[in-house]
Amino acid sequence: MSFRVDLRYEHRKLWKDVIVHELATLCLASISVDYTSKVEIFEHGGLEPLIRLLSSSDPDVLKNSVESISNLVKVDFQNRAAICELNGVPPILELLKSEYPVIQQLALQTLTPIVIDPDCRIQLRQNKGLESILQVLETPDFTDLHVEALTVLANCLEDVETMQVIRETGGLEKFLTFVTTSTLPEAQKRAAKAITASARNCENRKFFHEQGVEKALVNLLGVNNDGIKIAACQAVSVMCELSSSKEAFKKELGIPQLVRLLVSDNEDVKEAAALALANLTTANPTNATAVFEADGVEPLVKLLTESGDGAVANAATVLTNMALQESSRSSIQYYGAMTAIVEPLKSTNTVVQSKAAQVVAALACDADARTQLRTSGGLEPLVKLLHSNHDEVRRNACWAVLVCGKDEPTAIELCKLGALEILQEINLSTSRQNSFSEAAVNKLLDSNPTLKYALTGYLSSNNIITDGFYDLGQVKANIKILNLDELSKQELNQQRPILLINAKKVEFLQHTLPTDEKQLEISPLRAASSKSSAKTGKGRSRGRREEEKMKEEEQAEMKPDVEDKDKPWEPPYDPMFDAYVSEVAKSILPMHNSREQVISLAMFVAEKMGGSIDKDNLYDFPWELHIGELKFELKSNVIPIGNIQKGIFYHRALLFKALGDRIGISSSLVRGAYNRAWNHVLLIDDPPQDVHGPLTPPKEYVVDLMHKVGNLMKSDSAEAVHYQLFCGCKQFCGKNQVDQKQVSMSVSF
């Protein structure tokens, strides 16, 4: 009887304890949501009894206890560390075997944050927790737990050691099988995110690639769910850090799938797909070609006009990568990429600005693309990017300007917009200059010989003087350089004339009247004279007809001027220079010896500009008067070079360079002080007849066009320096005679 009483007492006591535990844990589950309460529970040692109650036989106590622990470990690293110290992982794993889904779910939610701690992951591996989680994924009846299980597994996959264990035990293969076969959208999305997070580690990427993760991700790209597509694209983007994975995606036909996503109605999908393609095509020409073959050019160009900065930046990256192939580049231009890139160049987002400048640099190697950019107004925002304080933006903008400056029209427009001044300012700063800024300055100058000679006073043998070139003297960098049209409209002044090189004829339309109109314009006077021609005699009639014919011709000459007044201004044709070109082409070009060609050209130039002049007679050479008369005669400060019959150093050097460029005699043009200019030529000395072997390197000579015409002076000789610096008379240069000692010092230096 007493034994029964004891049993009833113990049972009643246990029942009371369960009630107390249930109510206590229920209260803790409620208050553990608040952060202040979390601190109070931790400081009063509340975590340890909660872990002990995880072995309770009462499901309500279990549920309340694990819920309390789940609340405590969220955003609280102290409670997470305490879980490991109290060996709380094993009892939580045991809850995965519970028959109650809510307890299993809470257990997984508790494991999600605590496995971030390395010690907790060790306990998880030691207690076969990974196998338990994978078993949840393999159980079809546990579909409601798959999302939470994947979340736990995602945190585990970020750890290389845990990833290694999963791989060795076959868990990685099971995981990828689940990714491929699952029909739960949320689970597939979480799985893709788990791959993304884990693949950020290079070792994990290799493990995924070995298990063929590319095929699984390509399958996810085809799922009819935008969230899954975005997550899969992000995973592809990360896996692309591995070059072998890029090839695998191409093999699995992932590129055509990504191209199709570029026309999605969802902006986030388009941005994610463009990011994946950007990473797939970077440093991989094969994949760039695959994008082109999948008809990806048109949707990518359209993305440049989208509002999302991410989509624009990613699309620009893909187009830049594709532009390395000539066939793709022409297609990109065909779909109007240079027009579409104008708005991204105006963006305030530095990433978009940088990528847009890269597109310009990649496409502007073709003349048509540069023309398209120029006519679309893209040069102005590009030049503004040179002011950027962002290093990458400024660097890419300099790169783009460097490529755009290949042709003269674009280079001139860039200079008008101030690109040259900005680039020069950049090059003066040690913190702002870059590998492209100095090259961009040189390219702009090389594309515009007029500008280069005005600013630097130097033209190399590669700087060819073409029609329309003009020499306006040395100009400071901060002074605006007027074009030839503006200079021709200036009133006569006392400044040095602008020398023009132009052998291009301007062909005007022949303005002829129909026969009927001509008959209507016959004046009554002419009609009367024709009637009385028999009476007045043949001589008088012929005189009147000639007089009237002259009047008609004058009127006909005036009509084109009226009708062509709206035509763009053209520089005046220089018939004398044109004749010079023809003459040297016939007489000098057939010569086979380069030295003879140079000497003959020098003599030709000197003959056309007053012949050789003795140094002592420079003062008597009336070149200034001649130039003044030409300016007065032409009513212009612009003088065609062929009109000058009495020229000195800088006239002759310019004519030598201009004629030499026409017939293939390479020379440089250097401007000196005091109206000096000279030409450098490279010539190979003929070896002695009895010496055989390789030719000696070419030597640089200065060509004498003034005194000993045709004399070739070695550029480092005292004679050459004297020709460049020494002035024989005070009035000729406006300075005192240079001391011979100074010349000698210059040569030595």
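The structure displayed is predicted, hence computed values, not measured ones.

Along its length, the protein chain carries 45 helices and 8 strands. For the protein chain, the proportion of its 749 residues judged to be buried stands at 47%. For the protein chain, long-range pairs separated by at least 24 residues make up 66% of all intrachain contacts whose partners lie at least 6 apart in sequence. With the model as given, the accessible surface of the protein chain reaches about 38600 Å², and the carbon-plus-sulfur share is 52%.

Taking strand neighbours across the sheet as the criterion, the 3 strands line up as β2-β3-β4 in an open arrangement whose pairing is mixed. If you trace the sheet from one side to the other, it starts and ends with β2 (469-471) and β4 (638-640), each paired once. Direction aside, the axes of adjacent strands within the sheet are offset by 30° on average. Relative to strand β3 (residues 498-501), β2 runs antiparallel, the two sharing 3 bridges.

Further remarks concern the pairing of strand β5 (residues 668-671). Every second residue of β5 is oriented toward a common face, with Ser668 and Val670 on one face and Leu669 and Arg671 on the other, all of them buried. In this structure, strand β1 (residues 458-459) lies alongside β5, joined through 2 bridges in antiparallel fashion. Bridged to tyrosine 458 within β5 is valine 670. Looking at chain direction, β5 and strand β6 (residues 677-683) are connected through 4 bridges and run antiparallel. Bridge assignment links leucine 669 to a residue of β6, and that residue is asparagine 679. Hairpin geometry of β5 and β6 is characterised by an intervening segment of 5 residues between the two adjacent antiparallel strands and by a positive phi of about 60° at tyrosine 674.

Looking now at the side chain of lysine 631. Relative to the helices and strands, lysine 631 is located in helix α41 (residues 623-634). The buried charged residue lysine 631 lacks any salt bridge, with glutamate 624 as its nearest oppositely charged partner at 11 Å. When near neighbours in sequence (up to four residues on either side) are disregarded, lysine 631 contacts Leu492, Asn493, Gln494, Gln495, Pro497, Ser636, Asn637 and Ile639.

Moving on: the packing of aromatic side chains. Any aromatic ring pair is given by two values, namely how distant the centres are and how the planes are angled relative to each other. Under the criterion given, the structure shown has 5 aromatic pairs. Ring plane angle 80° and centroid distance 5.2 Å describe the contact between tyrosine 334 and tyrosine 335, whose orientation is recorded as edge-to-face. Tyrosine 335 gets classed as partly exposed once you look at its relative accessible area, which sits at 36%. Judged by centre distance (6.4 Å) and plane angle (40°), the rings of tyrosine 453 and phenylalanine 469 are tilted. Taken together, the residues tyrosine 453 in helix α33 (residues 449-456) and phenylalanine 469 in strand β2 connect sequence positions 16 residues apart. When sorted by exposure, tyrosine 453 lands in the same class as phenylalanine 469, which is buried. Over the ring of tyrosine 453 we find arginine 671; its NZ or CZ atom is 4.0 Å from the centre of that ring. Against the face of phenylalanine 649 rests arginine 676, its NZ or CZ located 3.9 Å from the ring centre.

Applying the stated criterion across every chain yields a total of 25 salt bridges. With its nearest N and O atoms 3.8 Å apart, the salt bridge here joins arginine 52 to glutamate 48. Placement of the pair is arginine 52 and glutamate 48 together in helix α3 (residues 47-52), with a separation of 4 residues, close to one helical turn. Lysine 489 serves as the salt-bridge partner of aspartate 485, at 3.5 Å between the closest nitrogen and oxygen. Relative accessible area serves as the criterion here: at 62%, lysine 489 is assigned to the exposed category. A network of salt bridges, in which partner residues are shared, links Arg121, Arg125, Asp159 and Glu161.

Moving on, we come to the state of the cysteines. Evaluated as defined, the whole model comprises 1 disulfide. Between the sulfur of cysteine 84 and that of cysteine 120 lies a disulfide, 2.0 Å long from S to S. Here cysteine 84 is found in helix α5 (residues 77-85), whereas its partner cysteine 120 is found in helix α8 (residues 118-126), with 36 residues between them in sequence. On the basis of relative accessibility, which here comes to 10%, the residue cysteine 84 falls in the buried class.

So, about unusual backbone geometry. The phi dihedral of leucine 253 is positive, around 60°, even though this residue is not glycine. Counting through the fold element by element, leucine 253 comes out in the loop between α17 (243-251) and α18 (254-261). With relative accessibility at 57%, the residue leucine 253 sits in the exposed group. Here the phi dihedral of lysine 635 falls at roughly 55°; this positive angle occurs in a residue that is not glycine. Along the chain, lysine 635 falls in the loop between α41 and β4. Given the relative accessible area of 54%, lysine 635 is considered exposed.

So, how was this worked out
Chains are numbered independently. Their residues run from 1 in the order of the written sequence. This being a predicted model, a pLDDT of at least 70 is required before a residue's local features are given, and a value of 80 or more before pairs of side-chain atoms are given or counted; all residues contribute to the totals for chains, interfaces and linings. Side-chain descriptors were evaluated using all non-hydrogen atoms of the structure, hydrogens and water having been removed beforehand. The numbering of helices and of strands both runs from the N terminus, where a helix is a DSSP run of H or I of at least 4 residues and a strand a run of E of at least 2. The buried label goes to any residue with under 20% of its type's maximum accessible area, the exposed label to any with over 50%, and the partly exposed label to all in between, with areas taken from a 1.4 Å probe on protein chains only. We call two residues in contact whenever any of their non-hydrogen atoms come within 4.5 Å of each other. The Shrake-Rupley method, run with a 1.4 Å probe sphere, supplies the accessible areas, and residue values consider only the shown protein chains as cover. Any two strands between which DSSP finds at least two bridges are classified as paired. Note on method: axes are straight lines fitted to C-alpha atoms, helices fitted across the in-contact stretch only, with angles between N-to-C directions ranging 0 to 180 degrees. Positive charges are assigned to Lys and Arg, negative charges to Asp and Glu, while His and the chain termini are left out of the count. A carboxyl oxygen of Asp or Glu within 4 Å of a side-chain nitrogen of Lys or Arg is what we treat as a salt bridge. Stacked, edge-to-face and tilted are the three classes for Phe, Tyr and Trp ring pairs, Trp counted by its six-membered ring, which pair at centre distances within 6.5 Å; planes under 30 degrees apart are stacked, over 60 edge-to-face, the rest tilted. Placement of a positive charge over a ring is assigned whenever Lys NZ or Arg CZ falls within 6 Å of the ring centre and within 35 degrees of the normal to the ring plane. To count as a disulfide, a pair of cysteine sulfur atoms needs to be within 2.5 Å.

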